[in-house]
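Chain residues, written in single-letter form:
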Amino acid sequence: MDRQSDERWIGALVEAAQKTFADMAFIDVNPTEPPSEPLTFSHVISIEFRTPGTGRILLFLPQEVKKMVAENIYGRDWKSLRSEEIDDCLLELLNVLAGNMVDSLGGGQAGPTISLPELLFSVADLPAESDCDDVHFDAEGLPFKATLCGNQ
Amino acid sequence: MYSTILVVDDSATSRMIIKKCFQMAGLEDSSFLEAEDGLKAAAMLQDQKVDLILTDLKMPKMDGVTFIKKLRVWPTTKDTPVIVISSMGSDVSEVDLKAHGVICVLKKPLSPESVARALEDG
């Protein structure tokens, strides 16, 4: 992946994240510098895409970000949400985010294809990928990370 | 306008958002049925008549395109209007979907405004 296409894909990921978090969960997110303290995650959400390039998006959401997303989407208090509901809305968030990113890179043409999103307990479950970029975000004061991997 | 609407999507979150957006777009009196994939939706349609079907494309067990093709050969559903609601993660074009009687394709995430426009145009 050359530098120019790298920046194009990362730009598409940032725009897709901003649009998806705003439209689905009413949360403003912006790219930011990596936090000084390492982020802690209980699990990772992953989705693959096949066109216009092949790769994977990984979303690393700390508990507080998950809470904000799930409460905003469902309009209910975190304690009233079942774990299945929380997992489902995070998977759907990544599904829509990936669709927005791939669709913008494909120019709205038919062809972009994404997998069903999946929940992973460790990135060790994934095949090793050498070409990955981390993008750090600020979600209304809370940090999270997205990683874009593959041969875009 | 549509008294019974079937929402087919593997995500419960997505089904909830779809239902809310259609209610806010003017279909607050409609009753909504839900299925998590094309296979379950097909089974429901054996003994339940619906006036509108809203379906995702990317689903386990039976995807949206297979489901729509099946609808078109069953006498009770061959003329039922279908709206596709997708994150565009499919290799099927809108033209191909319309050839199977899909009245419009809406991109996720839905908004009540985009649904209202689609209902007006449809």
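Please refer to the structure higher up on the page.
These numbers come from a predicted model, not from an experiment.

Each helix and strand counted, chain A has three helices and seven strands in total. For chain A, the succession of helices and strands along the chain, N to C, is α-β-β-β-α-α-β-β-β-β. Counting over 152 residues, chain A shows a buried share of 53%. Accessible surface, chain A as shown: approximately 7,100 Å² in total, 48% of it carbon and sulfur.

Quick look at the overall build of chain B now. Within chain B, the secondary structure is distributed over five helices and five strands. Counting from the amino terminus, chain B carries its helices and strands in the arrangement β-α-β-α-β-α-β-α-β-α. By the compact-globule yardstick of 14 Å for 122 residues, chain B fits well, its C-alpha radius of gyration being 13 Å. For the C-alpha atoms alone, the extent of chain B along its principal axes is close to 30 × 30 × 25 Å. Counting over 122 residues, chain B shows a buried share of 53%. Across chain B, contacts joining residues at least 24 apart in sequence account for 62% of those joining residues at least 6 apart.

Here we come to the state of the cysteines. Under the criterion given, the structure shown has one disulfide over all chains. Disulfide partner of C132 of chain A: C149 of chain A, at an S-S distance of 2.1 Å. Judged by the sign of its S-S torsion, about 110°, the bond between C132 of chain A and C149 of chain A is right-handed. Pair noted here: C132 of chain A is in strand β6 (residues 132–139) and C149 of chain A is in strand β7 (residues 142–151), with a separation of 17 residues, a long-range link. Accessibility expressed as a relative area gives 3% for C149 of chain A, which makes it buried. C89 of chain A takes part in no disulfide bond, and the closest cysteine sulfur, belonging to C21 of chain B, lies 15 Å away. Between C104 of chain B, a cysteine without a disulfide, and C21 of chain B, which holds the nearest cysteine sulfur, the sulfur-to-sulfur distance is 13 Å. Classification of C104 of chain B by relative accessible area gives buried; the value is 13%.

This part takes up the pairing of strand β2 (residues 31–35) of chain B. All names here are of chain B. Bridge analysis of strand β1 (residues 4–8) against β2 gives five bridges, and the strand direction is parallel. Opposite T4, over in β2, you have S31 as the bridge partner. A crossover connection joins β1 to the parallel β2 through helix α1 (residues 12–27); in handedness this β-α-β unit is right-handed.

The next subject is the packing of helix α3 (residues 83–105) of chain A against α1 of chain B. Interaxial distance between α3 of chain A and α1 of chain B falls to 7 Å at its minimum, and their mutual angle equals 75°. Comparing their axes, α1 of chain B and α3 of chain A come out roughly perpendicular. Taken together, the residues of α1 of chain B that come into contact with α3 of chain A (itself represented by E85, D88, C89 and E92 of chain A) are A12, T13 and S14 of chain B. Here the contact of α3 of chain A with α1 of chain B is composed, by residue class, of two nonpolar, two polar and three charged.

Moving on, we get to unusual backbone geometry. In the segment running from K108 of chain B into P109 of chain B, the intervening peptide bond is cis, with an omega of 0°. At F26 of chain A, a residue that is not glycine, the phi angle is positive and equals roughly 55°. One can find F26 of chain A in the loop between α1 (3–25) and β1 (29–31). In this structure F26 of chain A comes out as exposed when scored by relative accessible area, which is 59%. For E140 of chain A, which is not glycine, the phi dihedral falls at a positive 50°. With respect to the helices, strands and loops of the structure, E140 of chain A is situated in the loop between β6 and β7. The exposure class assigned to E140 of chain A is partly exposed, which follows from its relative accessible area of 44%.

Let us look at the sheet that holds β1 of chain B. Residues and elements named next belong to chain B. The parallel open sheet is built from five strands, whose spatial order is β2-β1-β3-β4-β5. Strands at the two margins of the open sheet, each flanked by one partner only, are β2 and β5 (102–107). On average, each strand axis in the sheet is inclined to that of its neighbour by 20°, with strand direction left out of account. Against the sheet, helix α3 (residues 64–71) makes contact with β1, β3 (52–55), β4 (82–86) and β5, and its axis sits at roughly 160° relative to β3, the strand it touches most.

A few words now on empty space enclosed by the protein. Under the criterion given, the structure shown has one cavity of 30 Å³ or more. In this structure, the largest cavity occupies an estimated 60 Å³ of space. Elements that contribute at least two residues to the lining of the largest cavity include exactly α3 of chain A together with α1 of chain B. For the lining of the largest cavity, the leading source of residues is α1 of chain B, giving three residues. Taken together, the residues that form the lining of the largest cavity break down as six nonpolar, one polar and two charged.

What counts, and where the lines are drawn
- Residues numbered from 1 in each chain as written.
- Chains lettered and ligands numbered in written order.
- Predicted model: local features only at pLDDT ≥ 70, side-chain atom pairs only at ≥ 80, totals over all residues.
- Heavy atoms only, no water.
- Helix = DSSP H or I, 4+ residues; strand = E, 2+ residues; numbered from the N terminus.
- Buried < 20%, exposed > 50% of the residue type's maximum accessible area, 1.4 Å probe, protein only.
- Areas by Shrake-Rupley, 256 points an atom, 1.4 Å probe, with all protein chains shown as cover.
- Rg over C-alpha atoms; globule rule 2.2 N^0.38 Å.
- Contact = heavy atoms within 4.5 Å.
- Disulfide = S-S within 2.5 Å.
- Pairing = 2+ DSSP bridges.
- Right-handed = clockwise from strand over helix to strand, strands pointing away.
- Axes fitted to C-alpha atoms, helices over the stretch in contact; angles between N-to-C directions.
- Parallel < 35°, antiparallel > 145°, perpendicular 65-115°, else oblique.
- Nonpolar A, V, L, I, M, F, W, Y, C, P; charged D, E, K, R; others polar.
- 1 Å grid on protein atoms, 1.4 Å probe; cavity = no way out; pocket = protein on both sides within 12 Å on 5 of 7 lines; lining within 4 Å.
- Points joined across faces, edges and corners; volume = space filled by probe spheres on them.

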